[in-house]
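# Observations on chain architecture
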Amino acid sequence: MFNLNATTPNVAVDGAGRPREIRSHGQRLPVTDLESVRDETSAYPLETGPRTVFVVTAAGRRFRLVHSLRDRRWTVEALATSGPGLAHAA
């Protein structure tokens, strides 16, 4: 079992910008369900910039994917603690 702390993964998206696959440390997890999307482009702290938050299911686990629009970076956090997941960066 792996614990996933906030890390910077590679996230593949479809044409509409929805996440379709999470890749990190040689693992590939296809996104099977998009639970929610929160667009924070109209209200955000100036120091962090706008972002979009996705809650998805991949490999039977829930993940929070955060896309920072300012620096075009993805961050992923595991929401569930059971089942296979992504290893975190040391």
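These lines cover the structure that appears in this document, whether it is placed above or below.

## Describing the environment of T48
- Looking at the element boundaries, T48 is found in the loop between β3 (27-39) and β4 (51-58).
- On the accessibility criterion, T48 (44% relative accessible area) is partly exposed.
- Between the C-alpha atom of T48 and that of S68, which follows or precedes it by 20 residues, the distance is 8.1 Å.
- Every residue in contact with T48, bar those within four places of it in the chain, is listed here: S68 and R70.

## A short note on the pattern of salt bridges
- Under the counting rule described, the total for this entry stands at eight salt bridges.
- When the shortest N-O distance is used, the salt bridge between D14 and R20 registers 3.0 Å.
- Across the pair R23 and E21 runs a salt bridge, and its minimum N-O distance is 2.9 Å.
- Taking relative accessible area as the criterion, R23 reaches 31% and is therefore assigned partly exposed.
- The class of E21 is buried, set by a relative accessible area of 16%.
- Each of the salt bridges in this network shares a partner with another, and the network as a whole consists of D14, R18 and R20.

## What about the nonpolar core?
- With eleven residues, the main nonpolar core is built from V11, I22, L29, V31, F54, V56, A58, F63, L65, W74 and V76.
- Counting only elements with at least two residues in this core, the list comes to β3, β4, β5 (61-68) and β6 (73-78).
- The element best represented in this core is β4, accounting for three residues.
- For A58, the residues in contact, after removing those within four places along its chain, are I22, L29, P30, V31, T32 and F63.

About the criteria used
Position numbers for residues count from 1 along each chain, tracking the sequence in the order it is written. Under the rules for a predicted model, residues below a pLDDT of 70 receive no local features and side-chain atom pairs below 80 are neither given nor counted, while totals for whole chains, interfaces and linings still include all residues. Computation of side-chain values: all heavy atoms of the structure, hydrogens and water removed. Strands here mean DSSP runs of E at least two residues long; helices mean DSSP runs of H or I at least four residues long; both are numbered from the N terminus. For each residue, the accessible area found with a 1.4 Å probe, counting protein chains only, is set against the maximum for its type, and the residue is called buried under 20%, exposed over 50%, and partly exposed in between. Two residues qualify as a contact provided that any one of their heavy atoms is within 4.5 Å of a heavy atom in the partner residue. By definition here, a salt bridge exists when the distance from a side-chain nitrogen of Lys or Arg to a carboxyl oxygen of Asp or Glu is within 4 Å. What is meant by a nonpolar core is a set of buried Ala, Val, Leu, Ile, Met, Phe, Trp, Tyr and Cys residues, joined one to another through side-chain atoms within 4.5 Å.

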